[in-house]
Structures are given as structure tokens and as C-alpha cells.
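# Chain and residue survey
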Amino acid sequence: MACKRGALIVLEGVDKAGKTTQCKRLVDALLAGGRPAEIMRFPDRTTTIGKMISAYLERKSDLEDHAVHLLFSANRWELVPLMKEKLEQGITLVVDRYAFSGVAFTSAKPGFCLDWCMKPDVGLPKPDLVMFLQLSPADAALRGQFGDERYETKVFQKAVQQKFEHLMMDRSVNWQVIDASQNIEDVHNNITTHSLNAINVAQNRPLGELWK
Ligand code: DGP
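The rules behind each value
Residues numbered from 1 in each chain as written. Predicted model: local features only at pLDDT ≥ 70, side-chain atom pairs only at ≥ 80, totals over all residues. Heavy atoms only, no water. UniProt positions renumbered as here; feature names shortened; annotations may be inferred. Helix = DSSP H or I, 4+ residues; strand = E, 2+ residues; numbered from the N terminus. Buried < 20%, exposed > 50% of the residue type's maximum accessible area, 1.4 Å probe, protein only. Contact = heavy atoms within 4.5 Å. Near = heavy atom within 4 Å. Polar contact = N/O pair within 3.5 Å; in protein donor to acceptor, adjacent residues only side chain to side chain. Areas by Shrake-Rupley, 256 points an atom, 1.4 Å probe, with all protein chains shown as cover. Nonpolar A, V, L, I, M, F, W, Y, C, P; charged D, E, K, R; others polar. Arc of directions from axis to C-beta. Axes fitted to C-alpha atoms, helices over the stretch in contact; angles between N-to-C directions. Parallel < 35°, antiparallel > 145°, perpendicular 65-115°, else oblique. Left-handed = near helix turned anticlockwise from the far one by under 90°. Core = buried A, V, L, I, M, F, W, Y, C linked by side-chain atoms within 4.5 Å.

Per an unreviewed UniProt entry, the recorded name for the chain is Thymidylate kinase, and the organism is Menidia menidia. Within the UniProt record for the chain, the comment given under Pathway (unreviewed entry) is "Pyrimidine metabolism; dTTP biosynthesis." According to its UniProt record, the chain has this under Catalytic activity (unreviewed entry): "dTMP + ATP = dTDP + ADP".

Right, here's the structure in full:
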């Protein structure tokens with residue numbers, strides 16, 4: 001009998017919400033419990049496309065806003081064959097940012113609508129669970145200064161947060177809002193509970209297509 005597929009689990013949230021820490025903690029906990037799991041992150045800055053994105057984020061290059069949006073999407077699409085292969089092998093993928101960041105960040109720029117921003121990512125593997133790490137701008141500020149990369153300003157992050165709130169109204173996606181202001185351990189326990197549930201459900205369901 002073919003092995004049961006892994007779950008596609010995504011963590012989203014504004015900067016400083018603790019996504020990267022929590023992705024690592026979740027993968028460690030799943031592995032410790034005997035469940036195959038791997039971390040992935042978008043943008044993946046190691047590919048040729050990812051290097052262009054990285055230079056843009058580090059302000060070493062300028063790219064037109066529509067063009068960079070399509071590059072971020074292409075960076076996700078180029079990893080789809082690998083993602084599908086791993087999921088079919090029964091590996092759960094814990095993904096640090098996905099298409100939702102793509103839409104939230106670009107649509108926070110003037111002149112972009114959610115609908116246009118979603119189009120290039122339609123049909124990507126659909127996450128079994130998307131956890132949004134909720135953190136108020138005041139709590140984010142307590143966690144220190146933003147970095148120097150593009151998008152890392154208070155005003156822009158606030159606009160991004162509002163776009164995420166729109167996206168979360170779409171009930172075709174399994175969103176769970178996680179209170180990221182709690183301590184690391186409590187956030188971790190909450191995330192693990194939702195993830196174990198999603199892994200169980202995913203085992204008996206085919207992988208879906210996002211926004212289709
Ligand atoms: P990091 O997660 O720290 O590697 O940062 C990546 C930065 O790029 C962060 O500011 C969020 C932003 N970002 C992530 N995905 C996308 C995307 O698809 N489109 C746009 N415009 N920005 C994105």
C-alpha cells in the first residue's frame with residue numbers, strides 16, 4: 001500500500017511574529033514524535049530566481065513591482081515538484097511564508113488589488129493548514145527594531161497586516177489565528193496541536209489546489 005501523504009502546513013504573519021522560530025520548533029517536535037517533517041521557506045533565496053529576489057530585498061537592485069511579484073510567485077512554482085515529491089513520501093512540510101505573504105505584501109503597495117495579486121499563485125499546492133501568527137504593531141515594536149530590508153517599516157507592516165485580514169476571510173483556506181504575544185512555549189504548544197490534527201486529516205485527503 002502507498003504511504004500516506006504528509007501535510008502542507010504554512011506559517012504566516014507580519015515581521016517579528018516569530019514564524020521562523022516556531023517553524024523550527026514544530027519540525028523538531030514532529031521529528032521527536034516519529035513523524036517525518038521538513039522545513040521550507042519562501043522566498044527560497046538559494047535558486048537563481050531567489051537570488052534576484054534577495055538582491056531586491058537587500059536593496060542591491062531595483063525591480064518593477066509587478067515583475068517582482070511574479071518572481072516571488074515563480075520562486076514558489078519552481079519548488080512545487082520537490083514539494084509534491086516530499087509530500088507523497090509522507091513528509092510533512094512546515095513552510096515559513098507562502099502565497100499569502102505574496103498577496104499581502106504586493107497588495108499593500110499602491111495600485112495593486114488582491115485579485116490581480118492572487119492570480120499567479122492559483123493552483124499551487126493548497127496548504128492543509130495556514131496558521132497566522134497574530135501580533136499587534138505595539139507588541140511587534142517591543143521585540144526590537146525592524147531590519148534594513150525593503151518592506152521592514154512600521155507603516156508598511158500595518159498595511160500588510162490589513163491585507164492578511166482580508167485574505168483570512170476566505171473560508172476555502174483552513175486558517176487558524178494564533179496569538180503570538182504569548183510566550184514561545186505556549187505558542188509552540190498551540191501550533192503543535194493544530195498541526196497534529198491537520199496531519200491526521202491530510203492522510204486521508206488528496207492534496208488540493210490553492211484558490212481554485
Ligand atoms: P524573510 O521571510 O525574512 O526571508 O523575508 C522576506 C521578505 O519578503 C519579507 O519582508 C516578506 C516579503 N515577502 C515574502 N514573500 C513575498 C512575496 O511573495 N511577495 C512580496 N512582494 N513580498 C514577499
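Further notes follow.
### Observations concerning the overall build of the chain
The secondary structure content of the chain amounts to nine helices and five strands. Traced from its N-terminal end to its C-terminal end, the chain shows the element sequence β-α-β-α-α-α-β-α-α-β-α-α-β-α. With respect to the principal axes defined by its C-alpha atoms, the chain has extents near 50 × 35 × 30 Å. Taken across its 212 residues, the chain has 47% of its residues classed as buried. Sequence separation of at least 24 residues holds for 82% of the intrachain contacts in the chain that already meet a minimum separation of 6.

### Concerning the site of the ligand
Surveying the vicinity of the ligand reveals the residues Arg 41, Pro 43, Arg 45, Leu 57, Phe 72, Arg 76, Arg 97, Ser 101, Gly 102, Phe 105, Thr 106 and Tyr 151. Arg 97 has a polar side-chain atom sitting 2.7 Å from an oxygen atom of the ligand. The side chain of Thr 106 places a nitrogen or oxygen atom 3.2 Å from a nitrogen atom of the ligand. Look at the ligand: alone it shows 500 Å² of surface, and the protein chains cover 92% of it. Of all the secondary structure elements, the ones that give two or more residues to the shell around the ligand are helix H3 (65-77) and helix H5 (99-107). Top contributing element to the shell around the ligand by residue count: H5, with four residues. Residues belonging to the shell around the ligand are distributed by class as follows: five nonpolar, three polar and four charged.

### A look at the environment of Gly 18
The topology assignment puts Gly 18 in the loop between strand S1 (8-13) and helix H1 (19-32). Gly 18 sits in the partly exposed class, given a relative accessible area of 23%. Here the alpha-carbon distance between Gly 18 and Asn 200, two residues 182 residues apart in the chain, equals 25 Å. Sequence-distant contacts of Gly 18, that is, excluding residues within four places in its chain, are made with Leu 133 and Arg 143.

### Section: helix H4 (residues 80-88)
Within the sequence span of H4, burial applies to Val 80, Met 83 and Leu 87. Buried residues along H4 cover an arc of 60° about the axis, so they all sit on one side. Set apart from the buried face of H4 by more than 90 degrees, the exposed residues are Pro 81 and Glu 88.

### Observations regarding the UniProt feature "domain: Thymidylate kinase-like" (unreviewed entry) in the chain
Those residues carrying the UniProt feature "domain: Thymidylate kinase-like" (unreviewed entry) are residues 11-191 in this numbering. With 49% helix and 13% strand, residues 11-191 has end C-alpha atoms that lie 9 Å from one another.

### So, the packing of H5 against helix H8 (residues 154-167)
It is at 8 Å that the axes of H5 and H8 come closest, and there the two elements cross at 130°. With respect to H8, the axis of H5 lies oblique. The two elements H5 and H8 meet at a crossing, and its hand is right-handed. Together, Phe 100, Ser 101, Val 103, Ala 104, Phe 105 and Ser 107 of H5 and Phe 156, Gln 157, Val 160, Lys 163, Phe 164 and Leu 167 of H8 make up the contact between the two elements.

### So, the nonpolar core
By size, the foremost hydrophobic cluster in this structure holds 41 residues, and its most contacted members are Tyr 98, Phe 100, Phe 164, Leu 167 and Trp 211. Broken down by element, the residue count for this core peaks at five residues, all from H5. For Trp 211, the residues in contact, after removing those within four places along its chain, are Ala 99, Phe 100, Val 103, Met 118, Asp 121, Val 122, Leu 167, Asp 170 and Val 173. Counting residues in each nonpolar core, the second largest holds 22 residues, with Ala 7, Leu 26, Ala 37 and Ile 178 among its members.

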